[in-house]
Amino acid sequence: MQSGSGQDWHRLQAMTDRQLLEAYAGGSDCQAFGAFVSRHEGALLSFAAAFLRDDTLAQDVVQETFLRAAREPHRVLKWHADGASERNWLLKVTRDLSVDSLRRRASEKKAFARIARGAEASSPPADRPAEISEEAARVRAAIDRLRPRLRELLILKVREQK
């Protein structure tokens, strides 16, 4: 994070988390927010990856955590005013988003299993089982390629059977 002068970098490194967030919130000092992110990103990624057991999902969760902090730095600062650290706020949000991701993943697995059971229950005559399993695999692959929001809508549609 040594963009700009070395003096700026040293100034940012000397600032507390609270000072970095205040600088960002007060004047949208993006370098200050970048220093805040750099300071905590590794710990959050490590926590989320261990919790989720999925590095890609962990990156998404941590990114969303920092987006929330960037959108509402005053919430993080209020958390600090209530006696907790900024890192505690980041960890709490990361944990909450991770739990939400795990719940969503479990719901998706149940919905996919229901889709697969429905496909198997309505299977055609025994002379076509290989063709059907290939078709089921193609359908699963197509569902997996959907954007997350579209996949979520499909799952909700199947789940609600509407």
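Residues numbered from 1 in each chain as written. Predicted model: local features only at pLDDT ≥ 70, side-chain atom pairs only at ≥ 80, totals over all residues. Heavy atoms only, no water.

A. Representation of the overall build of the protein in the model. Counting its secondary structure elements, the protein contains 8 helices and 0 strands. Starting at the N terminus and walking to the C terminus, you meet the elements of the protein as α-α-α-α-α-α-α-α. Out of the 162 residues belonging to the protein, those deemed buried represent 27%. Across the protein, every contact between residues at least 6 apart in sequence was considered, and the portion connecting residues at least 24 apart equals 60%. (Helix = DSSP H or I, 4+ residues; strand = E, 2+ residues; numbered from the N terminus. Buried < 20%, exposed > 50% of the residue type's maximum accessible area, 1.4 Å probe, protein only. Contact = heavy atoms within 4.5 Å.)

B. Quick look at the packing of helix α2 (residues 17-27) against helix α3 (residues 30-52). At a minimum axis distance of 7 Å, the contact between α2 and α3 shows a crossing angle of 145°. Here α2 runs over α3; the crossing is left-handed. Each of Asp-17, Leu-20, Leu-21, Ala-23 and Tyr-24 in α2 lies in contact with α3, whose residues at this interface are Cys-30, Ala-32, Phe-33, Ala-35, Phe-36, Arg-39 and His-40. (Axes fitted to C-alpha atoms, helices over the stretch in contact; angles between N-to-C directions. Left-handed = near helix turned anticlockwise from the far one by under 90°.)

C. A look at the environment of Leu-20. Relative to the assigned elements, Leu-20 resides in helix α2. C-alpha separation for the pair Leu-20 and Phe-36, spaced 16 residues apart in sequence, amounts to 6.4 Å.

D. Quick look at the pattern of salt bridges. Under the definition given, this model contains 9 salt bridges. A salt bridge links Arg-18 to Glu-22; the shortest N-O distance between them is 3.2 Å. One end of the pair, Arg-18, and the other, Glu-22, are both in helix α2, 4 residues apart, so they sit about a helical turn from each other. The class for Arg-18 is partly exposed, based on a relative accessible area of 28%. Residue Asp-96 pairs with Lys-92 through a salt bridge whose shortest N-O separation is 2.6 Å. Here the residue Asp-96 and the residue Lys-92 both occupy positions in helix α6 (residues 86-121), the gap between them amounting to 4 residues, near one helical turn. (Salt bridge = Lys/Arg side-chain N within 4 Å of Asp/Glu carboxyl O.)

E. Region of interest: the packing of aromatic side chains. Applying the stated criterion across every chain, the model contains 3 aromatic pairs. A ring pair is formed by Tyr-24 and Phe-33, whose centres lie 4.7 Å apart and whose planes are at 35°; its orientation type is tilted. Summarising the burial analysis for this pair, Tyr-24 and Phe-33 share the class buried. Linked through ring pairs, Tyr-24, Phe-33 and Phe-36 together constitute an aromatic cluster. (Phe/Tyr/Trp six-rings, centres within 6.5 Å; stacked < 30°, edge-to-face > 60°.)

F. Just the side chain of Thr-94, in detail. Looking at where Thr-94 falls in the secondary structure, it is placed in helix α6. For Thr-94, a relative accessible area of 0% gives the class buried. A polar side-chain atom of Thr-94 sits 2.8 Å from the main-chain carbonyl oxygen of Leu-90. Not counting residues within four places of it along the chain, the set of residues in contact with Thr-94 comprises Leu-44, Phe-47, Ala-48, Val-61, Val-62 and Thr-65. (Polar contact = N/O pair within 3.5 Å; in protein donor to acceptor, adjacent residues only side chain to side chain.)

G. Here's a closer look at the nonpolar core. With 26 residues, the main nonpolar core has Leu-20, Phe-33, Phe-36, Phe-66 and Leu-90 as its most contacted residues. Every element with two or more residues in this core is listed here: α2, α3, α4 (55-71), α5 (73-81) and α6. With 9 residues, α3 is the largest single contributor of residues to this core. If near-sequence neighbours (up to four positions away) are discounted, Leu-20 is found in contact with Leu-12, Met-15, Ala-32, Ala-35, Phe-36 and Arg-39. (Core = buried A, V, L, I, M, F, W, Y, C linked by side-chain atoms within 4.5 Å.)

H. Representation of unusual backbone geometry within the structure. A positive phi angle is found at Arg-53, which is not glycine, with a value near 60°. Within the secondary structure layout, Arg-53 lies in the loop between α3 and α4. A residue is classified by how much of its surface remains accessible, and Arg-53, at 77% relative accessible area, is exposed.

I. Fine view of the side chain of Ser-101. Inspection of the secondary structure puts Ser-101 in helix α6. If we skip the residues at most four places from it in the chain, Ser-101 touches Leu-52, Leu-57 and Val-61.

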